[in-house]
Amino acid sequence: MGDIETKDVKTHYRTCNICEAMCGIEIKYRDKQVLSIKGDKQDPFSKGHMCPKALALQDFYEDKDRIKTPLKRTEKGWKEISWQSAFDEIATKFKTIQHAYGKNAVGVYLGNPNAHNLGNALFLKPFMKALGSLNRFSSASTDQMPHHVASNYMFGNGMLIPIPDIDRTDFMLIIGGNPVVSNGSMMTAPGVVHRIKAIQKRGGKVVVVDPRRTKTAKIANQHLFIRPEKDALLLMAMIHCIFEQNAVNLRHLVNVVDNITQLETLVKEYSPEAVTAHVGIPASDIRQLAADMSNAQSAVCYSRMGASTQSFGGLCQWLTNVLNIITGNFDREGGAMFPLPAFNLLRGNTKGHPTNFGKYTSRVNQLPFFNGEFPVATLADEIQTPGEGQIKAMITIAGNPVLSTPAGHQLADAFDQLEFMVSVDIYLNETTKHADIILPATSGLENSHYDIFFNSFSVRNTAKYSTALFEPEQNQKADWQIINELAARLTDTPVSKYTPEMVLDMELKSGPYGEQGMSLKMLMDNPHGLDLGPLKTNLINRLLTPNGEINLIPDLYVNDLPRLKASLELAPKSSQFPFELIGRRLAKSHNTWTQNSQRLVKGKNPCTLEIHPEDAASIGIINGQKVTVSSEVGEVTLDAIITDDVLQGVVSMPQGWGHNQADTKMAVAATQPGVSINDLTLANRVDALTGNAALNGTPVAIYAA
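My aim in this report is to walk through the structure given alongside it, one point at a time. Every value quoted in this text rests on a predicted model; they were computed, and no experiment measured them.

### Examining the overall build of the protein
Across its full length, the protein carries 26 helices and 26 strands. Taking 2.2 N^0.38 as the reference for a compact globule, 705 residues should give roughly 27 Å; the C-alpha atoms of the protein span a radius of gyration of 25 Å, in line with that estimate. With the C-alpha coordinates aligned to their principal axes, the bounding extent of the protein is approximately 70 × 60 × 55 Å. The buried share among the 705 residues of the protein stands at 63%.

### Focus on the pattern of salt bridges
One side chain can pair with another of opposite charge once the charged atoms of both are near each other. Applying the stated criterion across every chain, the model contains 35 salt bridges. Its salt-bridge partner being Arg-213, residue Asp-644 comes within 3.5 Å of it at the nearest N-O pair. With a gap of 431 residues between them, Asp-644 in the loop between strand S24 (635-642) and strand S25 (650-654) and Arg-213 in the loop between strand S10 (205-209) and helix H8 (215-219) connect regions that are remote in the sequence. Residue Arg-213 is classed as partly exposed on the basis of its relative accessible area, which comes to 25%. Notably, a salt bridge pairs Lys-521 with Asp-525, separated by 2.8 Å at the nearest N-O pair. Here Lys-521 falls in the exposed class, since its relative accessible area comes to 57%. Through salt bridges with shared partners, a single ionic network connects Arg-213, Lys-218, Asp-644 and Asp-645.

### So, helix H7 (residues 192-201)
Within the span of H7, buried status applies to Val-192, Arg-195, Ile-196 and Ile-199. What you see down the axis of H7 is that its buried residues fit within an arc of 95°, all on one side. Across from the buried face of H7, at angles greater than 90 degrees, the exposed residues are His-194 and Lys-201.

### A look at the packing of helix H3 (residues 118-131) against helix H19 (residues 500-510)
Packing of H3 against H19 brings their axes to within 9 Å, and their N-to-C directions diverge by 85°. In terms of their interaxial angle, H3 and H19 are classed as roughly perpendicular. The segment H3 lies against H19, with Leu-118, Gly-119, Leu-122 and Phe-123 engaging Pro-500, Glu-501, Val-503 and Leu-504.

### Section: the state of the cysteines
Enumeration according to the criterion identifies zero disulfides in this entry. Left unpaired, Cys-301 is separated from the closest cysteine sulfur, that of Cys-316, by 9.5 Å. Cys-301 gets classed as buried once you look at its relative accessible area, which sits at 4%.

### Remarks on unusual backbone geometry
Backbone geometry places Asp-331, a non-glycine residue, at a positive phi of 55°. Considering the arrangement of structural elements, one finds Asp-331 in the loop between helix H14 (313-326) and strand S13 (336-337). In this model, Asp-663 sits at a positive phi of 70°, which is unusual for a non-glycine residue. Topologically, Asp-663 is positioned in the loop between S25 and helix H26 (667-671).

### Remarks on the nonpolar core
Counting residues in hydrophobic clusters, the biggest one holds 93 residues, and the most contacted among them are Leu-234 and Ile-550. A per-element tally of this core places helix H9 (residues 231-244) first, with 11 residues. When near neighbours in sequence (up to four residues on either side) are disregarded, Leu-234 contacts Ile-175, Val-209, Ile-226, Val-279, Ile-281, Ile-286 and Leu-289. In this structure, Leu-124, Ile-395, Ile-483 and Leu-530 belong to the second largest nonpolar core, which totals 50 residues.

### With respect to empty space enclosed by the protein
Inspection of the entire model under this criterion finds six cavities of 30 Å³ or more. By volume, the largest cavity is sized at about 160 Å³. Looking at the lining of the largest cavity, the elements with two or more residues in it are helix H5 (145-155), strand S12 (299-303) and H14. In this model, the second largest cavity occupies a volume close to 120 Å³. Considering the residues around the second largest cavity, the lining is formed by 15 residues, among which Thr-15, Met-22, Thr-462, Ala-463 and Lys-464 are closest to the centre. At the level of secondary structure, the elements contributing two or more residues to the lining of the second largest cavity comprise strand S17 (449-450) and strand S18 (460-463). Grouping the constituent residues of the lining of the second largest cavity by class yields six nonpolar, six polar and three charged.

### Some points on the environment of Arg-585
Tracing the backbone shows Arg-585 in the loop between strand S21 (579-584) and helix H24 (598-601). Measuring from C-alpha to C-alpha, the distance between Arg-585 and Asp-531 comes to 30 Å, with 54 residues separating the pair along the chain. Within the structure, Arg-585 has its side chain in polar contact with the side chain of His-590 (distance 2.9 Å).

### Considering the sheet that holds strand S15 (residues 420-424)
Ordered in space as S5-S4-S16-S15-S14-S6-S7, the seven strands form an open sheet in which the pairing is mixed. Both outer strands of the open sheet, strand S5 (77-80) and strand S7 (136-138), are each paired with one neighbouring strand and no more. Here the strands of the sheet are splayed against their neighbours by 20° on average, with no regard to which way each runs. With two bridges joining them, strand S4 (residues 71-74) and strand S16 (residues 437-439) adopt antiparallel strand pairing. The partner of Lys-72 across the bridge, within S16, is Ile-437. The strands that H3 touches are strand S6 (106-110), S7 and strand S14 (393-397); relative to S6, the one it contacts most, it runs at about 170°.

### Section: helix H2 (residues 83-101)
Relative to the 27 Å expected for 19 residues at 1.5 Å per residue, H2 spans 27 Å between its end C-alpha atoms, a close match to the ideal helical length. Within the span of H2, buried status applies to Trp-83, Ala-86, Phe-87, Glu-89, Ile-90, Ala-91, Phe-94, Ile-97 and Gln-98. Phi turns positive, to about 105°, at Gly-102, one or two residues after H2.

### Topic: the packing of H5 against H14
Viewed as axis vectors pointing N to C, H5 and H14 meet at an angle of 50°, and their least axial separation amounts to 8 Å. In terms of their interaxial angle, H5 and H14 are classed as oblique. Handedness of the H5/H14 crossing: right-handed. On the side of H5, the interface is formed by Pro-146, His-147, Ala-150, Met-154 and Phe-155, while H14 contributes Gly-313, Gly-314, Gln-317, Trp-318, Asn-321, Val-322 and Ile-325. Here the contact of H5 with H14 is composed, by residue class, of seven nonpolar, five polar and no charged.

### Here's the deal with the side chain of Thr-309
Mapped onto the secondary structure, Thr-309 falls in the loop between helix H13 (305-308) and H14. A polar contact is formed between the side chain of Thr-309 and the backbone oxygen of Met-305, at a distance of 2.8 Å. A distance of 2.7 Å separates a polar atom in the side chain of Thr-309 from a polar atom in the side chain of Asn-696. Apart from residues no more than four positions distant in its own chain, Thr-309 is found in contact with Thr-142, Asp-143, Asn-692, Ala-693, Ala-694, Leu-695 and Asn-696.

Scoring rules and cut-offs
- Residues numbered from 1 in each chain as written.
- Predicted model: local features only at pLDDT ≥ 70, side-chain atom pairs only at ≥ 80, totals over all residues.
- Heavy atoms only, no water.
- Helix = DSSP H or I, 4+ residues; strand = E, 2+ residues; numbered from the N terminus.
- Rg over C-alpha atoms; globule rule 2.2 N^0.38 Å.
- Buried < 20%, exposed > 50% of the residue type's maximum accessible area, 1.4 Å probe, protein only.
- Salt bridge = Lys/Arg side-chain N within 4 Å of Asp/Glu carboxyl O.
- Arc of directions from axis to C-beta.
- Axes fitted to C-alpha atoms, helices over the stretch in contact; angles between N-to-C directions.
- Parallel < 35°, antiparallel > 145°, perpendicular 65-115°, else oblique.
- Contact = heavy atoms within 4.5 Å.
- Disulfide = S-S within 2.5 Å.
- Core = buried A, V, L, I, M, F, W, Y, C linked by side-chain atoms within 4.5 Å.
- 1 Å grid on protein atoms, 1.4 Å probe; cavity = no way out; pocket = protein on both sides within 12 Å on 5 of 7 lines; lining within 4 Å.
- Points joined across faces, edges and corners; volume = space filled by probe spheres on them.
- Nonpolar A, V, L, I, M, F, W, Y, C, P; charged D, E, K, R; others polar.
- Polar contact = N/O pair within 3.5 Å; in protein donor to acceptor, adjacent residues only side chain to side chain.
- Pairing = 2+ DSSP bridges.
- Expected span 1.5 Å × (residues − 1).
- Left-handed = near helix turned anticlockwise from the far one by under 90°.

Pasting the structure below:
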């Protein structure tokens, strides 16, 4: 929609909170009607960039399918009930179940939107304390836990995450990432296309290593196909080359890094020649990658989804850090750096605080506890396996794990076995349809926002607060109000009087820019946001390891190397499941929660299976033909797209679809339902080190439908 010049039209500036790019947007509105949404050119971070997903904010707000009143399941169907009745029943049922079976009998699942919600980011921790259960699960263990574990062991805290300084680097190696579509993932960077082209314009080089020729690969200087789940072997070989070339350079970190000699010993047998047949990349190209990393004025290796959601995800993220460190590209301009956000998540953390990684293990599969949660891959088993500690009740908050976690159909069956289930969500979807009570929260435009988490992953230090655009209707509650009320009921204490704004203001004033006057008022006076400057060298003073040094080779990873070495034995391809399935990201969707937006799902069917021409010919299928994809746990049918954008032997389909189930109420999503990739993935395929789901590389068979 073009510019609207009417005297009663108002303008609202905010940060889009659908994905982690933190794009600034400008909304024109009249009364309670949104007239247009476009990029905010005055936002100092996104500078007018906005991806299509931001338009869905209007759709969420106006959606006729959106739930606005608590619902209770009855024998005659869903019935609207009061908030008072809902809270009373939930508190009574949770208390009764915990009294009978123990505190851990109530489990919690937190979906991705919680990370984009100011109130939930601040109040979920006290809610979990009130609940008293260790059985928390979240979307983090489907995609990013390896990053946090690496930072925990190497730098002393799981939130001390190194971020590519993309705006100043001369060489960028992207392994298993597609930031042109994601706008960065664990690298908040709106407008990645422009940032990559800027690298090239200043004479730099971008290389993508991926089993699929992604949109990022298509604008890069070079793309190298790699076999799924072989990224750790590639990284070991590159590190081997750095030693072989006598190119180790620690720069200013020389006094806080040790064990270099031990590292050289560990990588000795992983020469490019030893791994080339496994990774599918010529030894000469591997050596060139290592040379490019060490010879560039500045360089950074960025490994993301493909390197995390696999059987060696933990090793991949550790080795990525190691490669950046030993090439002199860590905590340095143009390398991997550490943001210093105005809301400092590390405030109050002390050196040498004992890690809770593995302090507990899951009851059934013995997967490690970390960051206050167990890996979600074990959730269905924790519900379905009888015995002491069995989960008997659940609350899901802003999540749809039936579609977004491995073997989702198994989880759906597990939810049906619960004694009681609650969902906090605005939709009756594939997960919430299993609940006994659904509590609807306000939508994005009715909430204020400050991005607590993703400023910690940002490629530039900025700060921005967004007021709510619209007041919620009288009967509506924000997520944080819902969980605060539940916490009070569970502990028989008064509801907390704190608001998100009160906590935010205190943290801003106590943060690294507090002495410069940083406060909520300052941000409200600057609705486009504040530019706090580029990333700066700061790691040495922020290290939280017991000795204040980088732990280059934690025992956790050394102990996992025999598993990697065993993968050097060439295993014969499965005759039953000869293909390897990988996921892919779409620019107009974000997990499962954007699919009820007409403007995001309209057009041709995006949920297709990409397959290499030679593979298609070998099984006798043609472009556009329906094919069935089967794995050990299920099968789906979808259209085949024949393309050489995928490596031979690899097939790809997007995640976040499968809105074809009965008893849901998402009318728009049902017009373009797709199928769920997680009807094929296996819950028992995890990274043995971190417990993160191993979604990529799932063995599958393909045949004509």
